[in-house]
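Coordinate inspection notes
In case you want the letters, here they are:
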Amino acid sequence: MNDRLRRVVVVGGGLAGLAAGLEAADRGAVVTLLERRPRLGGATWSFRRRGLWFDNGQHVFLRCCTAYRTFLDRIGSAEGVFLQPSLEIPVLTPDGPPGSIRRTPGPAPLHLAPSLLTYPHLSLHQRLKVLRAGMALRRLDPADAGLDSVAFGDWLAAQGQDAAAVETFWNLVVLPTVNVSAADASLKLAAKVFVTGLLTRAASADVGWATVPLSALHGNPARRALERAGAEVRVGAAVTGVRPGSSGRLVAHVNGHAIEADSVVVAVPHDVVDSLLPPGSVRGQDRLLELGTSPIVNVHLVYDRPVTDLAMFAAVGSDIQYVFDRSEAAGVQDGRQCLAISLSAARAWLGRSPSELVEHFEAELARLLPAASGARLTDSIVTREPAATFYGAPGTDRLRADTECALPGVYLAGAWCNTGWPATMEGAIRSGTRAGMLAAGSRRGSGHRFGEPGRTSPATVWS
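The rules behind the values
- Residues numbered from 1 in each chain as written.
- Predicted model: local features only at pLDDT ≥ 70, side-chain atom pairs only at ≥ 80, totals over all residues.
- Heavy atoms only, no water.
- Helix = DSSP H or I, 4+ residues; strand = E, 2+ residues; numbered from the N terminus.
- Rg over C-alpha atoms; globule rule 2.2 N^0.38 Å.
- Areas by Shrake-Rupley, 256 points an atom, 1.4 Å probe, with all protein chains shown as cover.
- Lys, Arg positive; Asp, Glu negative; His and termini not counted.
- Charge placed at Lys NZ, Arg CZ, Asp CG, Glu CD.
- Pairing = 2+ DSSP bridges.
- pLDDT = per-residue confidence, 0-100.
- Contact = heavy atoms within 4.5 Å.
- Salt bridge = Lys/Arg side-chain N within 4 Å of Asp/Glu carboxyl O.
- Buried < 20%, exposed > 50% of the residue type's maximum accessible area, 1.4 Å probe, protein only.
- Core = buried A, V, L, I, M, F, W, Y, C linked by side-chain atoms within 4.5 Å.
- 1 Å grid on protein atoms, 1.4 Å probe; cavity = no way out; pocket = protein on both sides within 12 Å on 5 of 7 lines; lining within 4 Å.
- Points joined across faces, edges and corners; volume = space filled by probe spheres on them.
- Nonpolar A, V, L, I, M, F, W, Y, C, P; charged D, E, K, R; others polar.
- Axes fitted to C-alpha atoms, helices over the stretch in contact; angles between N-to-C directions.
- Parallel < 35°, antiparallel > 145°, perpendicular 65-115°, else oblique.
- Left-handed = near helix turned anticlockwise from the far one by under 90°.
- Expected span 1.5 Å × (residues − 1).
- Right-handed = clockwise from strand over helix to strand, strands pointing away.

**Let's talk about the overall build of the chain**
Counting its secondary structure elements, the chain contains 13 helices and 20 strands. Against the 2.2 N^0.38 benchmark of 23 Å for 463 residues, the chain shows a C-alpha radius of gyration of 22 Å, consistent with a compact globule. With the C-alpha coordinates of the chain rotated into their principal frame, the extents come out at 70 × 50 × 40 Å. Taken as a whole, the chain presents about 18,000 Å² of accessible surface, with 51% of it coming from carbon and sulfur. The distance from the centre of the 47 positive side-chain charges to the centre of the 42 negative ones in the chain is 4 Å.

Structure (structure tokens):
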């Protein structure tokens, strides 16, 4: 190896680690990426069962999330997603007419007013209060650290929002983006979601999702992109620690061997960091566990016939939160339909058996979709991510770590880091990009950049 080239080791092959490795390689570093699992992609992966592909969870992105969209461009996956030309979320209920949250061609925030004024799940009085609360929310600054001391639910109550408005509108946005209910979420995180996603630019909240299995969208093409950029990728490589070496360089200990590096990016979950780094390497290292975790559960149901023509929809008055038609990505044929029910902040469902969950949500879908009551299930599976994200409650902001560590040459990456975003794919990519830039020895933008302001690429998350 040319001694003038900077050697970077990336620990972790999730989205943050993949972004860090690509950024460092694109800036001329010699990169080795180490992932303990036999696959890349972190919390976004797929598996094949009985001839069908299932994702571990439903991951959704918004048009405003430029870093994730640019990442897809970089790894050659942009064609594997669908992005709504204009925001439209049908909202079904078992007990009344359907509604929708959609935008009109007008400027923000007026682009949402027509759909909210006709929203059937609230009275006219409640709709007007929602609009007034939205205008008040738009005036908040998501960068204001003081907002993190307030619960979004308390703020909504002060704005005159009752339980019905929280359930049928505010939670439709907060649950899938923050993975915490509106009552318990940090106002700072909620403000970021609404101000950036819904209330500043009309097109920002257009929703997108994968049309291929997640492993085909992220892990597999990212590995090919890394290897084309000259990086070495090792899976099944369990790193047990990162320490200063006697030569003045850093040493990553993996599978009984030592790898020297000029810089190391630690792109692992927040509850793993302390086991890899010496004490005091990270600001607030002894408090990282206080970030907590919040689970996501998905119930996948395969019907013997189509039961809806909607590509996705939300539900109120039901235990169902969101439903996505995954037939194309699953490879379903013979006239069947595969629906994925996505449940955020799903701690109440973790203790239920797969058969209980399938039975319950099959019945819930039948309440929402009349055609489902006459259809037969041909397959089903439940996927769980017990620690899908950190728990985005008030007090979260001060616990999230910065990219740079007290241990020189070590940088952190992950959706839990201090990105200003909730724990989403967008936050993961942004943190990885910055860590990769710093690890490569650069503090100024040059070459390829993820999420560069003003970039427009074809198609980030909530999850």
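There's more to say after this.
**A closer look at the pairing of strand β8 (residues 99-102)**
If a strand is regular, its side chains alternate between the two faces of the sheet. The pairing of strand β7 (residues 88-92) with β8 spans four bridges and is classified as antiparallel. From the neighbouring strand, proline 90 faces β8, where its bridge partner is serine 100.

**Section: the confidence of the model for the chain**
Here the chain shows a mean pLDDT of 94. Residues at 70 or above account for 95%. For the stretch residues 445-463, pLDDT sits under 50, and the model shows 75 contacts to residues farther than four places along the chain or on other chains.

**A look at the pattern of salt bridges**
All chains considered together, the criterion is met by 20 salt bridges. Where glutamate 35 meets arginine 37, a salt bridge forms, and the shortest distance between an N and an O atom there is 2.9 Å. Note on glutamate 35: relative accessible area 3%, which makes it buried. Where aspartate 397 meets lysine 188, a salt bridge forms, and the shortest distance between an N and an O atom there is 3.7 Å.

**Regarding the nonpolar core**
Judged by nonpolar contacts, the single largest core of 122 residues is most densely connected at Phe71, Leu137, Phe152, Trp170, Phe194, Leu412 and Trp416. Look past the residues within four positions of phenylalanine 194 in its chain and what remains in contact with it is Leu137, Phe152, Phe169, Trp170, Val173, Val174 and Leu199. Grouped together as the second largest cluster of nonpolar side chains are 25 residues, Ile320, Ile341, Phe361 and Leu368 included.

**Quick notes on the layout of surface pockets**
There is about 990 Å³ of room inside the largest pocket. Lining the largest pocket are 47 residues, with Arg37, Gly42, Ala43, Val268 and Pro269 positioned closest to its centre. Listing elements by their share of the lining of the largest pocket, those giving two or more residues are α1 (15-26), β2 (30-35), β15 (294-303), β19 (377-389) and α13 (425-439). In terms of residue count, β19 provides more of the lining of the largest pocket than any other element does, four residues in total. Classifying every residue of the lining of the largest pocket gives 24 nonpolar, 17 polar and six charged.

**Thoughts on unusual backbone geometry**
Cis geometry marks the peptide bond from alanine 108 to proline 109, where omega comes out at 0 degrees. Residue position: proline 109 is located in the loop between β8 and α3 (113-117). With phi around 65 degrees, aspartate 334 is a residue other than glycine that occupies positive phi space. Even without being a glycine, alanine 345 presents a positive backbone phi close to 45 degrees. With respect to the secondary-structure elements, alanine 345 resides in the loop between β18 (337-344) and α12 (354-368). The class of alanine 345 is partly exposed, set by a relative accessible area of 31%.

**Describing the packing of α1 against helix α9 (residues 219-228)**
Relative to each other, α1 and α9 sit at 20 degrees, their axes nearing to 9 Å. Between α1 and α9, the angle is such that the two are roughly parallel. Where α1 crosses over α9, the two elements pack in a sense that is left-handed. Here α1 contributes Leu18, Gly21 and Leu22 to the contact with α9, which in turn contributes Ala222, Ala225 and Leu226.

**Considerations on α13**
Note on helix geometry: an α-helix contains 3.6 residues per turn, so any two residues three or four positions apart are oriented the same way. Helix length check: α13, at 15 residues, gives a terminal C-alpha distance of 21 Å against a target of 21 Å (1.5 Å per residue), a fit within 8%. The element α13 is extensively covered by neighbouring structure, given that 13 of its 15 residues are classed as buried. Just beyond α13, the residue with positive phi is glycine 441, at close to 90 degrees.

**Observations regarding the sheet that holds strand β12 (residues 250-254)**
The three strands are arranged β11-β12-β13 in an open sheet whose pairing can be described as antiparallel. At either margin of the open sheet sits one strand with a lone partner, and together these are β11 (239-244) and β13 (257-261). Averaged over neighbouring strand pairs, the angle between their axes works out to 25 degrees when direction is ignored. One ladder, built from five bridges, connects β12 with β13; its direction is antiparallel. Across the sheet, the residue bridging to alanine 252 is isoleucine 259, located in β13.

**Describing the sheet that holds strand β5 (residues 60-62)**
Neighbouring strands of a sheet are bound in pairs by backbone hydrogen bonds; such pairs are parallel or else antiparallel. If you trace the three strands from one edge of the open sheet to the other, you get β5-β9-β6, paired in antiparallel fashion. The two strands at the open ends of the sheet, each matched to only one other strand, are β5 and β6 (81-83). The average undirected angle you get between the axes of adjacent strands in this sheet is 25 degrees.

**A few points about the pairing of β2**
Most of β2 sits inside the fold, with five of its six residues counted as buried. Note on the crossover from strand β1 (residues 7-11) through α1 to β2: the handedness is right-handed. Sheet topology places β2 next to strand β10 (residues 232-235); four bridges connect them, and they run parallel. Residue pairing across strands places glutamate 35 opposite valine 235, the latter belonging to β10.

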